[in-house]
Amino acid sequence: MINARASSKSILAAITKFTILNYPISSFKIRFLSPVSSLLCKTQSNPISDTQLESLVSELIWVGFGSDFEGTQLDPYRFKPLIVEPESFIRVVDSLKANPRAVLGVFMWAEGQEGFVRSGAVYCRVIEVLVVNGWVRSACCVMEMMAVDMGMDSDALVELCEESDSAVGLLNLLLWAYAKRSMAELCLFLFRRMIKARMLPDVKNCNRVLRVLRDKGLVDEAMEVDRMMGGAGIRPTVITYNTLLDLYCKQGIVRSEGQFLEKMDQKGCSPTDVTYNTLINGCSREGDLVQAEDLIEKMVSRGIKQSAFSYNPLIRGYLKKGMFDEASNVWKKMESRGVSPMVSTYNIFLYALIQHGRLEDATLRFMEMMERNLSPDVVTFNTLMCGYCRSGNSGEAFDLFNKLKDRRLVPTAVTYNILLHSLCESGKLVLAKQLKEEMIAQKIQPDVFTYTILANGALKDGDISMAKEYHDEILLQGLQPDRFAYSSRLLLEMHQGTESSMCSLREEMTRSGIRPDVLAYNICMDGLCKIQDLEGADRLKEEMFRNGLSPDHITYTIYIHGLLKAGHLDRAIEVFSVMVQRQLSPSVVTYTVLIHALAVRRQLRLALRYFTDMQEQEIMSRFLLQPVYKDGAAFESKGLIIPDFGSGGRCRFRNFDCKFLEVPKLELQRRSCHSTLEADALAPL
C-alpha cells in the first residue's frame, strides 16, 4: 500500500499539471452518465443523509478548489464520510458533476487521506465526470492510477467498466493505461475482449497496442491485432501501417515491399516519408541495398520529401560491407538533391572509418562536420574517442573528453566505458578506479559493461580478488549480467582452475536466458586445457555440438595446444586435420604451436611441411626465433628461423609469447567494447 500511495502521488502531480487544459472527447464514444446504482460497492455502511450531503456539497463549492489542489484544506473529521464511504463519495461526485474541477479536487484530497477506501466504483465515477466534461488527460491519469498503481484485478476492473453506460469510453481509457505502461499481455486481453463484445477500441488505441507489440517484437500478436481490426471494421491509419511495417522490417519478414505499399493504397492510406524510410531501413538491414536505392528513387518520382533519414540506412548498409566508394556516391547524390547530411549521417561514417582503422579519415570527416556548423553530439565524441583509444593514443581521447564537457554535453556510460577500457588495457587500474568514481559523482550509473571492463582489467593485471569484487558488484547493484559479463566471469573461474564453477556458471547463463556462445565455450576449453583435463575438454566440445554450436578456429587452436602440452603430438595433428576438413582456416597461432612442437621433437621435415603450407595460405609468421640447428638451412631458406633451446631444453621466443588464455580474453574485451559503441553509434537509426 505504501508503494501504491507513493506511485499515486506522482500521478496526482501529473493530474494537477493538466487540470487547466480541456481536450476534445471525439476519440471516445461516451454517452451520458449512468445511474449511480450501477457502480456502487456491494458493501455500504451508514451513508450520509440528504441534508448532510447538501451541506458538504455547499462547503465544497464554497472552497472553490483552485489550481493548487494540494494546498486545499478540508477538515478530515467533517468530511470523513467521503473517505470511508464510497457511496457517499459517489453521491457527492454526482452532485458536482457539472464542476469537474471540484470533483477532481475532492478526489485528490480524499485520495491523500489515511483510510481512504479505494473503490473501483469511485474511480470509475470520477473518470466518467472528467471525460464527459472534456478533462480527458486528467481522466487518463486517474485510470492509470486505478488500473496499474493500485494493482486492481484486471477481470474485475473490466467488468466494472462494462457495467457503465460509458463502457466504451472507460475501456478505451483502460486500454490507454495498459499501453502506456507497455503491458502487452493486458493490452491483448482487453483488446480481444472489447472486440468480442463489439465495444470497439478507438483506432488510436489500436495503434498504441501495436506499438507495444512492436517494441517487444511480438510479430504473431501484432498480426492478430491487425486481422481483428479488419474483421471489426476498424479503419487503419497510416500510423497503423507504419507501426506494422517497422515491426516486420526489424524482424526481417518483409518479403514484398510493393505488395505492402499497394495494400496501403487500397485502404486509402497514402505512404508517407516515414513509410518509405522504414522500408529503406529494413532493406538496408537485410543487405538488399539495390531495393533500398529503388525505394529512394520511388520517393523522388512520387514527389515525397526525402531527408537524411532516407539516406542514412543506405549509407550505413554500404559502409557495413566496407563499400566506402558506394557510400560516398550515395552521400553526393543526397546533397545534389538538396538534402543536407545530419549529425547522425556523419556519426555513421565516422563509426565505419574507425571500425576499419581509418582514424585519419575519420578526423577529416569530423573537421568537415565542424566547418558545416554541425554541432557534434556525444555519439560523435564517443566514436572518435574509441578510435584514438584503439590506436593507443589515450591522451587524445581524454582531450576529446574534456572538449565534450566544455561543450556542455553530458557524457554517457558509453563515454566512460571507452576510457575505462583504454586505461585497463594499459594497466592503469588506479586511474580507472578514479574515473569510475568520477562517473558516479556525475550521477552516471555504471552499467554491466563498466564492471565487466574493470573486472577484465584487474584479471589482466593478475588481481583475481579485485576482479571478483567487480563481478560481485554487478549483482549488488541489481544489474543483470549479460553475455559478456558471464564470459568474463568464466575467464575468472578459468584463472582459478575450478572446472565445477565453470560448469555451474554455464548452467546459470542458460537459466538466465543467455545461451553460452562459442566465446564462452572457448574460455572453458582454455581452462580445462590449462589443467590438462583433456577428457573434460572433449566433453565440452561434444556439448557445443549438442547445443548447435560449431567450434571455431580458436576452439581448435586451444585444444591442439592442450594436446601438445600434454605430449599428444599425433592426436594434435589429427585434430588439426579435422579442423581443415571442417573448412576452418588455421591462424598463425595454430601453425606456430604445431611447428614449435615438431621442432622441439626434432621432426623438422614435418615442421617444414606445415610452414610451407602456412606460406601458401599467405599466413605471415609474426615471431622471430634464434637459429641454432645445424640442419636448419632448409628452414632459413624458406624464411623460418629455428627456435633457440637454452639450458633445460625449453624453447625461448624473442617476440612471441604463446599465452593462449589471452586469445579468449582479448576477444571478450574487443567484442565488449565494440558492442557498447555500436549500440551508441547506431542509436539514431
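All values derive from a computational prediction rather than experimental measurement.

A. Local environment of the packing of helix α19 (residues 343–355) against helix α21 (residues 378–390). Two elements in contact, α19 and α21, have axes whose closest approach is 9 Å; the angle formed by their N-to-C orientations is 10°. Classified by the angle their axes make, α19 and α21 are roughly parallel. Crossing of α19 over α21 shows left-handed handedness. Taken together, the residues of α21 that come into contact with α19 (itself represented by V343, N347, L350, Y351, I354 and Q355) are V379, T380, T383, L384, G387 and R390. Considered class by class, the residues forming the contact of α19 with α21 number six nonpolar, five polar and one charged.

B. Molecular detail of helix α15 (residues 273–285). Here α15 contains 13 residues, and its C-alpha end-to-end distance of 18 Å stays within 8% of the 18 Å for a straight helix at 1.5 Å per residue. Counting buried residues along α15, 10 of its 13 residues qualify, which places the element largely inside the surrounding structure. Listed in full, the buried residues belonging to α15 are T275, Y276, N277, T278, L279, I280, N281, G282, C283 and S284. The first or second residue beyond α15 is G287, which carries a positive phi of 85°.

C. Here's a closer look at the side chain of N277. On the secondary structure map, N277 appears in helix α15. Given the relative accessible area of 13%, N277 is considered buried. Filtering out sequence-adjacent residues up to four positions away, N277 remains in contact with M299, S307, F309 and S310.

D. Quick look at helix α31 (residues 553–565). Between its first and last C-alpha, α31 extends 18 Å over 13 residues, near the 18 Å set by a 1.5 Å rise per residue. With respect to burial, α31 is a largely interior element, 10 of its 13 residues being buried. Taken residue by residue, α31 has I554, T555, Y556, T557, I558, Y559, I560, G562, L563 and L564 as its buried positions. Where α31 starts, the residue carrying a side-chain oxygen 3.1 Å from the main-chain nitrogen of I554 turns out to be D552. The first or second residue beyond α31 is G567, which carries a positive phi of 90°.

E. How the structure looks around the environment of R137. With respect to the helices and strands, R137 occurs in helix α7 (residues 136–149). Counting along the chain gives 36 residues from R137 to L173, while the straight-line C-alpha distance between them is 9.9 Å.

F. Local environment of the confidence of the model for the protein chain. Within the protein chain, residue pLDDT values average 78, and 77% of them lie at 70 or more. The low-confidence segment residues 66–71 (pLDDT under 50) makes nine contacts with residues lying over four places distant or belonging to another chain. Note on residues 622–667: pLDDT under 50 across the span, and 83 contacts to partners over four residues away in sequence or across chains.

G. Spotlight on the side chain of Q306. With respect to the helices and strands, Q306 occurs in the loop between α16 (289–301) and α17 (308–320). At 2.7 Å, the side chain of Q306 and the side chain of Y311 are in polar contact. Apart from residues lying up to four places away in sequence, Q306 is in contact with I296, M299, V300, Y311, R337 and V339.

H. Summary view of the packing of helix α26 (residues 464–476) against helix α27 (residues 483–496). At a closest axis distance of 11 Å, the pairing of α26 and α27 adopts a crossing angle of 150°. For the element pair α26 / α27, the angle class is roughly antiparallel. Crossing of α26 against α27: the hand is left-handed. Contact with α26, carried on its side by I464, A467, K468, H471 and I474, involves A485, S488, R489, L492, H495 and Q496 of α27 and no other residues of that element. Residues of the contact of α26 with α27, tallied by class, amount to five nonpolar, four polar and two charged.

The rules behind these values
- Here the residue index of a chain counts from 1 through its sequence in written order.
- For this predicted model, a pLDDT threshold of at least 70 governs which residues receive local features, and a threshold of 80 or more governs which side-chain atom pairs are given and counted, while totals over whole chains, interfaces and linings are taken from all residues.
- Water and hydrogen atoms were dropped before computing side-chain values, which therefore reflect all heavy atoms in the structure.
- Helix axes use the C-alpha atoms of the stretch in contact, all axes being lines fitted to C-alpha atoms, and the angles between their N-to-C directions lie in the range 0 to 180 degrees.
- Per the convention used, a helix needs a DSSP run of H or I reaching at least four residues, while a strand needs a run of E reaching at least two, with both numbered from the N terminus.
- Any angle between 65 and 115 degrees counts as roughly perpendicular, while under 35 counts as roughly parallel, over 145 as roughly antiparallel, and the rest as oblique.
- Here a crossing is taken to be left-handed if its near helix is turned anticlockwise relative to the far helix by less than a right angle, and right-handed if that turn runs clockwise.
- By the convention used here, residues are in contact when the closest approach between their heavy atoms is within 4.5 Å.
- Note on residue classes: Ala, Val, Leu, Ile, Met, Phe, Trp, Tyr, Cys and Pro are nonpolar, Asp, Glu, Lys and Arg are charged, and everything else, Gly too, is polar.
- Helix span is expected to be 1.5 Å times the residue number reduced by one.
- We call a residue buried when its accessible area falls under 20% of the maximum for its residue type, exposed when it is over 50%, and partly exposed in between, using a 1.4 Å probe and counting protein chains only.
- Polar contact is the term for a pair of N or O atoms within 3.5 Å; when the atoms are in protein, one must be able to donate a hydrogen and the other to accept it, and sequence-neighboring residues count only if both atoms are side-chain atoms.
- pLDDT expresses, on a scale from 0 to 100, how confident the predictor is about each individual residue.

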